[in-house]
Amino acid sequence: MYAWIWRKLPFGLAGKLTGSVLIAAAAVALLWYVVFPWAEPLVTPFDDVQVTQNDQGVPGDDGGAPGPAGNEPAGDEHDLPYDTEQNNTPPPSPDE
């Protein structure tokens, strides 16, 4: 098919190259402005990705808004819910 198109394009090598570029541009424009807009509603269910987050009362999970009253931990929102001091002690040696 491409060989047939190449043979049918007029005006020698320059005309064939110009015609090839114009045919390729027309094909891209047809896809971009006609085919893809037509097909977009058909593929929307596969492209409809939504990330949702339910408020479970954890402070800071929805932009820093506090959770339900009475569930806020003491201190600021950067407090860790565990003791980091026990992580700094070396493990006991096996001979002890």
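Just above sits the structure.
Fair warning: this is a prediction, and the values are worked out from it, not measured in the lab.

Caption draft 1: Representation of unusual backbone geometry. One non-glycine residue with positive phi stands out, namely Phe 11, at about 75°. Of note, Phe 11 is situated in the loop between helix H1 (2-8) and helix H2 (12-47).

Caption draft 2: Up close: a nonpolar patch on the surface. Taken together, the side chains of Leu 30, Leu 31, Trp 32, Tyr 33, Val 34, Val 35, Phe 36, Trp 38, Leu 42, Val 43 and Phe 46 present a nonpolar region at the surface, about 1300 Å² in accessible area. Within the secondary structure, Phe 46 sits in helix H2. Assessed through its relative accessible area of 72%, Phe 46 is described here as exposed.

Caption draft 3: Looking closely at the side chain of Lys 16. Mapped onto the fold, Lys 16 is located in helix H2. Despite its burial, Lys 16 pairs with no opposite charge; the closest candidate is Glu 40, at 40 Å N-O.

Calculation notes
- Residues numbered from 1 in each chain as written.
- Predicted model: local features only at pLDDT ≥ 70, side-chain atom pairs only at ≥ 80, totals over all residues.
- Heavy atoms only, no water.
- Helix = DSSP H or I, 4+ residues; strand = E, 2+ residues; numbered from the N terminus.
- Patch = residues over 30% accessible without salt bridge, like charges linked within 9 Å, V, L, I, M, F, W, Y side chains within 5 Å.
- Areas by Shrake-Rupley, 256 points an atom, 1.4 Å probe, with all protein chains shown as cover.
- Salt bridge = Lys/Arg side-chain N within 4 Å of Asp/Glu carboxyl O.
- Buried < 20%, exposed > 50% of the residue type's maximum accessible area, 1.4 Å probe, protein only.
- Lys, Arg positive; Asp, Glu negative; His and termini not counted.

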